[in-house]
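# Architecture at a glance
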Amino acid sequence: GMVRALVMMNVDRGQVPKTAKQLAEMDEVVDVYSVAGDWDLVAILQAEEYERLAEVVTEKIQTVPTVAHTTTLMAFRSYKFTA
């Protein structure tokens, strides 16, 4: 099965829409949300293995110049089941 991660990001001032668009173009990114609170964006990543998600975060997301800071949550289990 597929594994997922949630990546919370702080983005440079005024760069949220541009950054979100860049992230949305990445194959492993399932969804990108602009959010209120301590973070600016949250991306949901999906891949076949955790190692791939780690690569995406370190090699793709953290190299986007407008992404100032990230915190990554690796998802273990989904409790929401859709028909």
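These figures come from a predicted structure and were not determined experimentally.

### A word on the layout of surface pockets
Estimated volume of the largest pocket: approximately 320 Å³. As for the largest pocket, its lining consists of Met2, Val3, Arg4, Leu6, Ile44, Gln46, Tyr50, Ala75, Phe76, Arg77, Ser78 and Lys80. Counting only elements with at least two residues in the lining of the largest pocket, the list comes to strand E1 (3–11) and strand E3 (41–47). Ranked by residue count, the leading element in the lining of the largest pocket is E1, at three residues. Among the residues forming the lining of the largest pocket, the class breakdown is seven nonpolar, two polar and three charged.

### A look at the sheet that holds E3
Strand order in the open sheet formed by four strands is E2-E3-E1-E4, with antiparallel pairing between adjacent strands. The outermost strands of the open sheet, each flanked by one partner alone, are strand E2 (29–34) and strand E4 (67–75). Averaged over neighbouring strand pairs, the angle between their axes works out to 20° when direction is ignored. Pairing of E1 with E4, which is carried by eight bridges, proceeds in the antiparallel orientation. Directly across from Ala5, in E4, lies its bridge partner Met74. Sheet contacts for helix H1 (residues 16–24): E1, E2, E3 and E4; angle to E2, the most-contacted strand, approximately 170°.

### A short note on the environment of Val30
Along the chain, Val30 turns up in strand E2. Judged by its relative accessible area of 39%, Val30 falls in the partly exposed class. Between the C-alpha atom of Val30 and that of Glu51, which follows or precedes it by 21 residues, the distance is 17 Å. Leave out the neighbours within four places in its chain, and Val30 touches Arg4, Ile44, Leu45 and Gln46.

### Topic: the pattern of salt bridges
In this structure the tally under the stated criterion is three salt bridges. Between Arg52 and Glu28 there is a salt bridge; the shortest N-O distance is 2.8 Å. Of this pair, Arg52 sits in helix H2 (residues 50–60) while Glu28 sits in the loop between H1 and E2, placing them 24 residues apart in sequence. By relative accessible area, Arg52 is classed as partly exposed at 27%. Across the pair Arg52 and Glu55 runs a salt bridge, and its minimum N-O distance is 2.7 Å. Within this pair, Arg52 and its partner Glu55 are both found in helix H2, separated by three residues, close to a single helical turn. On the accessibility criterion, Glu55 (34% relative accessible area) is partly exposed. The network of salt bridges with common partners includes Glu28, Arg52, Glu55 and Lys60.

Parameters at a glance
The residue count restarts for each chain, going from 1 along the sequence in the order it is written. Reporting in this predicted model follows two pLDDT cut-offs: at least 70 for local features of residues, and 80 or more for side-chain atom pairs to be given and counted; totals over whole chains, interfaces and linings ignore these cut-offs and use all residues. For the side-chain quantities, the full set of heavy atoms in the structure was used; hydrogens and water were omitted. For each structure, a 1 Å grid was placed over the protein atoms alone; sets of points admitting a 1.4 Å probe that cannot get out are labelled cavities, open sets with protein on both sides within 12 Å along at least five of seven lines are labelled pockets, and lining residues have an atom within 4 Å of a point. Grid points are joined across faces, edges and corners, and a volume is the space filled by probe spheres set on the points. Elements are defined by DSSP. Helices are runs of H or I of four residues or more, strands are runs of E of two residues or more, and each kind is numbered from the N terminus. Lys, Arg, Asp and Glu make up the charged group, whereas Ala, Val, Leu, Ile, Met, Phe, Trp, Tyr, Cys and Pro make up the nonpolar group; the residues left over, Gly among them, are polar. Note: two strands are recorded as paired if DSSP finds a minimum of 2 bridges between them. Each axis is a line fitted through C-alpha atoms, taken for helices only over the stretch in contact, and angles between the N-to-C directions span 0 to 180 degrees. It only takes one pair of heavy atoms within 4.5 Å for two residues to be counted as in contact. Here's how the labels work: a residue is buried when its accessible area is under 20% of the maximum for its type, exposed when over 50%, partly exposed in between, all with a 1.4 Å probe on protein chains only. A side-chain nitrogen of Lys or Arg and a carboxyl oxygen of Asp or Glu constitute a salt bridge if their distance falls within 4 Å.

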